[in-house]
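# Structural characterization, general
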Amino acid sequence: MTSIAERPDATSLIAMLRDVACGLSRSQKELPPKYFYDRRGSELFDAITRLPEYYLTRSERALLDCWSGPLMSVLRPAALVELGAGSADKTRLLLDAMVYAGRAELYVPIDVSAEFLEEAAGDLREEYKTLGIEPLVGDIADPLALGDDLPAPAVIAFLGSTIGNFDPPAAHRLVRNVAGAMRHGDRFLLGADLRKDARVIEAAYNDRDGVTAEFNLNVLRVLNRELGADFDLDAFEHRAFYDRTLHRIEMHLVSTHDQTAHIPGVGDVAFAGGESIRTEISCKYDHASLSEMLCSAGLGIDRWITDAGSTYALVVASRTHGGKRS
Ligand code: SAH
Ligand code: AVI
């Protein structure tokens, strides 16, 4: 991970080229969801969070509204590290409570969306003058490189149900990385969307205004701009459905007819009519599946907080044995 000023553009382009070549050569073509989030993709995601159908953000915000104060007054963290921070909008509830609790020194938002992160960090510096704000650009799937000088104790937050965008092995790896970076006294704060009526979930990813469809197509716009690809955005359609067995939404871009897209450095990629690219999964959890994942990473659940309808969960976890540094 790097500070914003030193982000490695050439390196990330090579990584993108590799991910795209690899993903589009599979029998089910795939693209990693992290490539949605250029500036426009991050803005579209923020628009999604305000849609009536997209209950996730509202549910998490309601929980944070109630629980940020009580949690922060007990944990009294000196640092808050946030994975996939985005606009850090809901994070302000945590930051306010953390400052009020009296020990706050540092906020470290981590995100792949460099430009958006830089702007969010600038706004936060204006709003929280007494707090250090040190954004890091990086892939949260990589091992967490938190400095030895990170003030203790720290809360590592992973909000928005972004854990759901990682398949189970990758989610397990990510949580193990978090656990590996935690010291005695640090806490992991995870927000996760819970399993529920499939119709409610499907509606959240098929909004009437087509914002999610635009967000989905944005990944092709990113490939066209960054890699010089020639995807015809009018020739792909948004599709999102809930897989009741795997407990996950799958988001696809479906080719409307036989076509070929050219990606310099990758070559020609042929699509049959009706063939799709899977652009995102969004896994939904329950208490058993979350505690199994946390437990296998050496974390135990301290608090399980959910709303009356069990729509969404906030989980506070800590290391069951020791920590990186006491
Ligand atoms: N936490 C915010 C934003 C969620 S959107 C909220 O709860 O509303 C997901 C965020 O994670 C985006 O800002 C996106 O850029 C970031 N993100 C997605 N995949 C990532 C990855 N692999 N590494 C780092 N950031 C990632
Ligand atoms: C960021 N992530 C948790 C969102 C989700 O719900 O999986 C991304 C998203 N995709 C479509 N709508 C929102």
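So, a few notes on the structure that sits alongside this text. (Residues numbered from 1 in each chain as written. Chains lettered and ligands numbered in written order. Predicted model: local features only at pLDDT ≥ 70, side-chain atom pairs only at ≥ 80, totals over all residues. Heavy atoms only, no water.)

## Focus on the packing of aromatic side chains
- Counted under the stated rule, the structure contains eleven aromatic pairs.
- Centre to centre, the rings of Phe 36 and Tyr 37 are 6.2 Å apart; their planes meet at 90°, and the pair counts as edge-to-face.
- Owing to a relative accessible area of 23%, Tyr 37 belongs among the partly exposed residues under this scheme.
- Ring geometry for Phe 45 and Tyr 54: centres 6.2 Å apart, planes at 85°, overall edge-to-face. (Phe/Tyr/Trp six-rings, centres within 6.5 Å; stacked < 30°, edge-to-face > 60°. Buried < 20%, exposed > 50% of the residue type's maximum accessible area, 1.4 Å probe, protein only.)

## What to know about the packing of helix H2 (residues 39-49) against helix H8 (residues 211-227)
- Here H2 crosses H8 at 165°, and the two axes come no closer than 9 Å. As judged from the angle between their axes, H2 and H8 are roughly antiparallel. The hand of the H2/H8 crossing is left-handed. Contact residues: Arg 40, Gly 41, Leu 44, Phe 45, Ala 47 and Ile 48 in H2; Val 211, Thr 212, Glu 214, Phe 215, Asn 218 and Arg 221 in H8. (Axes fitted to C-alpha atoms, helices over the stretch in contact; angles between N-to-C directions. Helix = DSSP H or I, 4+ residues; strand = E, 2+ residues; numbered from the N terminus. Parallel < 35°, antiparallel > 145°, perpendicular 65-115°, else oblique. Left-handed = near helix turned anticlockwise from the far one by under 90°. Contact = heavy atoms within 4.5 Å.)

## With respect to the nonpolar core
- If you look at the biggest cluster of nonpolar residues, it comprises 65 residues, and the most contacted ones within it are Tyr 107, Leu 189, Leu 220, Phe 231 and Phe 236.
- Considering each element in turn, this core owes the most residues, eight residues, to H8.
- Not counting residues within four places of it along the chain, the set of residues in contact with Leu 220 comprises Leu 31, Phe 231, Leu 233, Phe 236, Leu 253 and Ile 277.
- If you look at the next biggest cluster of nonpolar residues, it comprises 39 residues, including Ala 154, Ala 170, Val 175 and Ala 181. (Core = buried A, V, L, I, M, F, W, Y, C linked by side-chain atoms within 4.5 Å.)

## Topic: the packing of H2 against helix H5 (residues 114-127)
- H5 packs onto H2 with a crossing angle of 60° between their chain directions and a minimal axis gap of 7 Å. One finds that H2 runs oblique with respect to H5. Residues Arg 39, Ser 42, Glu 43 and Asp 46 of H2 touch H5, and the partners they reach there are Glu 115, Phe 116 and Glu 119.
- Residues belonging to the contact of H2 with H5 are distributed by class as follows: one nonpolar, one polar and five charged. (Nonpolar A, V, L, I, M, F, W, Y, C, P; charged D, E, K, R; others polar.)

## Observations regarding the site of ligand 2
- In the vicinity of ligand 2 there are 14 residues, among which Tyr 54, Asn 165, Tyr 205, Glu 280 and Ser 282 approach most closely.
- The separation between an oxygen atom of ligand 2 and a polar side-chain atom of Asn 165 is 2.9 Å.
- Ser 282 places a side-chain nitrogen or oxygen 2.7 Å from an oxygen atom of ligand 2.
- Relative to its unbound accessible area of 340 Å², ligand 2 is 98% covered by the protein chains.
- Secondary structure elements with two or more residues in the shell around ligand 2: H2, H8 and strand S12 (276-283).
- Of the residues belonging to the shell around ligand 2, the class tally is seven nonpolar, six polar and one charged. (Near = heavy atom within 4 Å. Polar contact = N/O pair within 3.5 Å; in protein donor to acceptor, adjacent residues only side chain to side chain. Areas by Shrake-Rupley, 256 points an atom, 1.4 Å probe, with all protein chains shown as cover.)

## Considerations on unusual backbone geometry
- Looking along the chain, the bond that leaves Ala 152 and enters Pro 153 is cis, with omega of -5°.
- Unlike most non-glycine residues, Arg 76 shows phi in positive territory, near 45°.
- Mapped onto the elements of the fold, Arg 76 is located in the loop between helix H3 (55-75) and strand S2 (79-83).
- Phi angles above zero are rare outside glycine, and Ser 310 is one such case at about 50°.
- As for its placement among the helices and strands, Ser 310 is situated in the loop between strand S13 (299-306) and strand S14 (312-319).

## Remarks on the sheet that holds strand S9 (residues 248-255)
- Here we have four strands laid out as an open sheet, ordered S1-S12-S9-S8, and mixed in their pairing. Whereas interior strands pair on both sides, the edge strands pair on one side only; in this sheet they are strand S1 (29-30) and strand S8 (236-243).
- Taken together, the eight bridges between S8 and S9 define a ladder with antiparallel strand orientation. In the sheet register, Asp 243 faces S9, and the bridge partner there is Arg 248.
- Seen against the sheet, H8 touches S8, S9 and S12 and runs at an angle of roughly 65° to S9. (Pairing = 2+ DSSP bridges.)

## What about the site of ligand 1?
- Around ligand 1 lies a shell of 18 residues, among which Gly 84, Lys 90, Asp 111, Asp 139 and Ile 140 are the nearest.
- Taking Asp 139, its side chain carries an N or O atom lying 2.9 Å from a nitrogen atom of ligand 1.
- Contact distances for ligand 1 include 3.5 Å between an oxygen atom and a backbone N or O atom of Gly 160.
- Isolated, ligand 1 exposes 560 Å² of accessible area, and the fraction of that covered by the protein chains is 93%.
- Tallied by class, the residues present in the shell around ligand 1 amount to six nonpolar, six polar and six charged.

## What about helix H9 (residues 287-296)?
- Considered for burial, the residues of H9 that qualify are Ser 289, Leu 290, Met 293 and Leu 294. Each buried residue of H9 lies within a common arc of 125° when the element is viewed along its axis, so the set occupies one face. For H9, the exposed residues lying more than 90 degrees away from the buried face are Ala 288 and Cys 295.
- On its buried side, H9 packs onto helix H6 (168-181), strand S7 (187-193), S13 and S14.
- Once H9 ends, the next one or two residues include Gly 298, with phi positive near 85°. (Arc of directions from axis to C-beta.)

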